[in-house]
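# What the coordinates show
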Amino acid sequence: MVRVILPQHLRVLANVGREVQVEVPGSVTQRSIIDALETHYPVLRGTIREHGTQKRRPLVRFFACEDDVSLESPDAPLPQKVASGDEPFYIIGAIAGGNLR
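In short, a report on the structure. (Residues numbered from 1 in each chain as written. Predicted model: local features only at pLDDT ≥ 70, side-chain atom pairs only at ≥ 80, totals over all residues. Heavy atoms only, no water.)

## Regarding unusual backbone geometry
Keep this limit in mind: Runs of H or I in DSSP of at least four residues are treated as helices and runs of E of at least two as strands, each being numbered from the N terminus. Residue burial is assigned from relative accessible area. The probe radius is 1.4 Å, only protein chains are included, and a residue is buried under 20% of its type maximum, exposed over 50%, and partly exposed in between.
One non-glycine residue, Gln 54, lies in positive phi territory at about 65°. Structurally, Gln 54 is set in the loop between helix H2 (30-40) and strand E3 (60-64). Residue classification places Gln 54 among the partly exposed residues on the basis of a relative accessible area of 30%. The phi angle at Cys 65 is positive, at roughly 50°, despite the residue not being glycine. The topology assignment puts Cys 65 in the loop between E3 and strand E4 (67-68).

## Quick notes on the environment of Ala 76
Of note, Ala 76 is situated in the loop between E4 and helix H3 (80-83). Owing to a relative accessible area of 22%, Ala 76 belongs among the partly exposed residues under this scheme.

## Concerning H2
Here is the rule we go by: Between two residues, a contact is recorded if the distance between any of their heavy atoms is within 4.5 Å.
Of all the positions in H2, only Gln 30, Ser 32, Ile 33, Ile 34, Ala 36, Leu 37 and Glu 38 are classed as buried. Looking at the buried positions of H2, the neighbouring elements they touch are strand E1 (2-5), strand E2 (19-22), E3, H3 and strand E5 (89-93).

## Observations regarding the pattern of salt bridges
When charged atoms on two side chains of opposite charge get close, those side chains can pair. The condition that has to hold: By convention in these notes, a salt bridge is any Lys or Arg side-chain nitrogen within 4 Å of a carboxyl oxygen on Asp or Glu.
All chains considered together, the criterion is met by six salt bridges. Salt-bridge contacts for Glu 19 lead to Arg 3; the nearest nitrogen and oxygen are separated by 3.0 Å. Of the two residues, Glu 19 sits in strand E2 while Arg 3 sits in strand E1, which places them 16 residues apart along the sequence. Salt bridges sharing partners connect three or more residues here, namely Asp 35, Glu 38 and Arg 49.

Here's what the structure looks like:
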């Protein structure tokens, strides 16, 4: 089972806690994890990646073992620690900063 940490807005949408677990058949990649999430939680379809192109939405980032893997190929294998469930795969919503004035 692959552990996935979701941002707050997706937790609310899917009515789940901070972490979910999904069964990922075959190679564990960004694509296979998102496929499993969207299969298990259909309400998340189109929220993490575009419907038509299947590309990651611009304001969403992916992290594995503390590394930003957002710009890597969605079919690149993720670290073994993520595949084994020792480390979670993080889906992070964009964080905006700025001046409070």
